[in-house]
Amino acid sequence: MATLVHDDLIDRAGYRRGRASAWASYGPEAARAAGDYLFARAFAELAATGNEDAVAILATACLCLARGEALQRAQSHDPDTSIESYLERCALKTGKLFEAACLLGADVTRANGGELAEFGLALGVAFQIADDILDCTGDALDTGKIAGTDLREGTPTLPLLLAAREDAVVRDALAGGSLDGALVRVAATGALDRSRAIALEYAERAREHLNGGFHRYELEAMTYAVVERRK
């Protein structure tokens, strides 16, 4: 919750799941304080358990999130951002949060929960790629957001980067130029299908780390759901 409150503030997103975001309703200072409060509460809940490993896992995830956000700022309006750098950002901003959720939910450490951690990391990247595809295609009624936010903000996502390599209009729009017709041209390049294929590869990678343990079928179903979702 803390990351979503802060993310809406950073991206100046007016809506979250069809409802006005915290910063849009109460202002940036209130949203920043609310996000900080939620982070503090999360750490307080873990600290109360006396589990030092759990606190360390969440702390690492939060540090990675900050690094990912800094990387995104550095890549802003840069159509020459490499796919590798984009995927690194996905791993830092989303993958590490999924990894932490898997480890904390199973009450294991990174050392003895290696396969589960790798599952969460790959699942998080698949989720983020799917989310970036939805930004180009999603219906506002389903996603709660206006399509094309990433393009307007100059955030180089996988579908935008792939499209920018083939279409000068998309490239110019991502670099901060005119947005007229650019979003439609993203789909015309086939970048959405190629992005989805990569998301499916990460979902498959996540499944490869499931070793037949407890709740395997539910976790496996999740790898399909994150790519096929509409919001």
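Now for a quick tour of the structure. (Residues numbered from 1 in each chain as written. Predicted model: local features only at pLDDT ≥ 70, side-chain atom pairs only at ≥ 80, totals over all residues. Heavy atoms only, no water.)

## Observations concerning the packing of aromatic side chains
As a reminder of what qualifies: Classification of ring pairs uses Phe, Tyr and Trp, with its six-membered ring standing for Trp, and accepts pairs whose centres are within 6.5 Å; under 30 degrees between planes counts as stacked, over 60 as edge-to-face, and the remaining range as tilted. Runs of E in the DSSP output that reach at least two residues are strands. Runs of H or I that reach at least four are helices, and both are numbered from the N terminus. Exposure categories follow from relative accessible area, calculated using a 1.4 Å probe and restricted to protein chains: below 20% of the type maximum is buried, above 50% is exposed, and the middle band is partly exposed. Definition used: whenever NZ (Lys) or CZ (Arg) falls within 6 Å of the ring centre and also within 35 degrees of the ring normal, the charge is taken to sit over that ring.
Taken as a whole, this structure holds one aromatic pair when the rule is applied. With a centroid separation of 5.3 Å and 45 degrees between ring planes, the pair formed by Phe 98 and Phe 127 is classed as tilted. Here Phe 98 is found in helix H5 (residues 83-106), whereas its partner Phe 127 is found in helix H6 (residues 114-137), with 29 residues between them in sequence. The class for Phe 98 is partly exposed, based on a relative accessible area of 21%. Above the ring of Tyr 224, the side-chain terminus of Arg 207 is found at 4.2 Å from the ring centroid.

## A few points about the layout of surface pockets
In this approach, a probe sized like a water molecule rolls over the atoms, and the result shows the empty space that is left. Keep this limit in mind: Computed over the protein atoms alone on a 1 Å grid, cavities are sets of points where a 1.4 Å probe fits but cannot get out and pockets are open sets with protein on both sides within 12 Å along at least five of seven lines; a residue lines them when it has an atom within 4 Å of a point. Grid points are joined across faces, edges and corners, and a volume is the space filled by probe spheres set on the points. Classification convention: Asp, Glu, Lys, Arg as charged; Ala, Val, Leu, Ile, Met, Phe, Trp, Tyr, Cys, Pro as nonpolar; all other residues, Gly among them, as polar.
What the largest pocket holds in volume is close to 960 Å³. Taken together, 38 residues make up the lining of the largest pocket; nearest its centre are Leu 4, Asp 7, Asp 11, Arg 16 and Asp 131. At the level of secondary structure, the elements contributing two or more residues to the lining of the largest pocket comprise helix H1 (2-11), strand S1 (15-16), helix H4 (52-75), H5, H6 and helix H8 (149-153). Its residues assigned to classes, the lining of the largest pocket comprises 12 nonpolar, 10 polar and 16 charged.

## Here's the deal with the packing of H1 against helix H3 (residues 28-49)
Stated formally: Interaxial angles span 0 to 180 degrees and are taken between N-to-C directions of axes, which are lines fitted to C-alpha atoms, for helices over the stretch in contact. Any angle from 65 to 115 degrees is called roughly perpendicular, while one under 35 is roughly parallel, one over 145 is roughly antiparallel, and all others are oblique. Throughout, a crossing is termed right-handed when the near helix is turned clockwise from the far one, and left-handed when it is turned anticlockwise from it by less than a right angle. Note on definitions: a residue-residue contact is assigned when non-hydrogen atoms from the two residues lie within 4.5 Å.
One way to put it is that H1 packs onto H3 with a least axis distance of 8 Å and a crossing angle of 155 degrees. Regarding the angle of H1 to H3, the classification is roughly antiparallel. Where H1 crosses over H3, the two elements pack in a sense that is left-handed. The residues of H3 that touch H1, namely those facing Ala 2, Thr 3, Val 5, His 6 and Leu 9, are Pro 28, Ala 31, Arg 32, Ala 34, Gly 35, Asp 36, Leu 38 and Phe 39. Here the residues of the contact of H1 with H3 sort into eight nonpolar, three polar and two charged.

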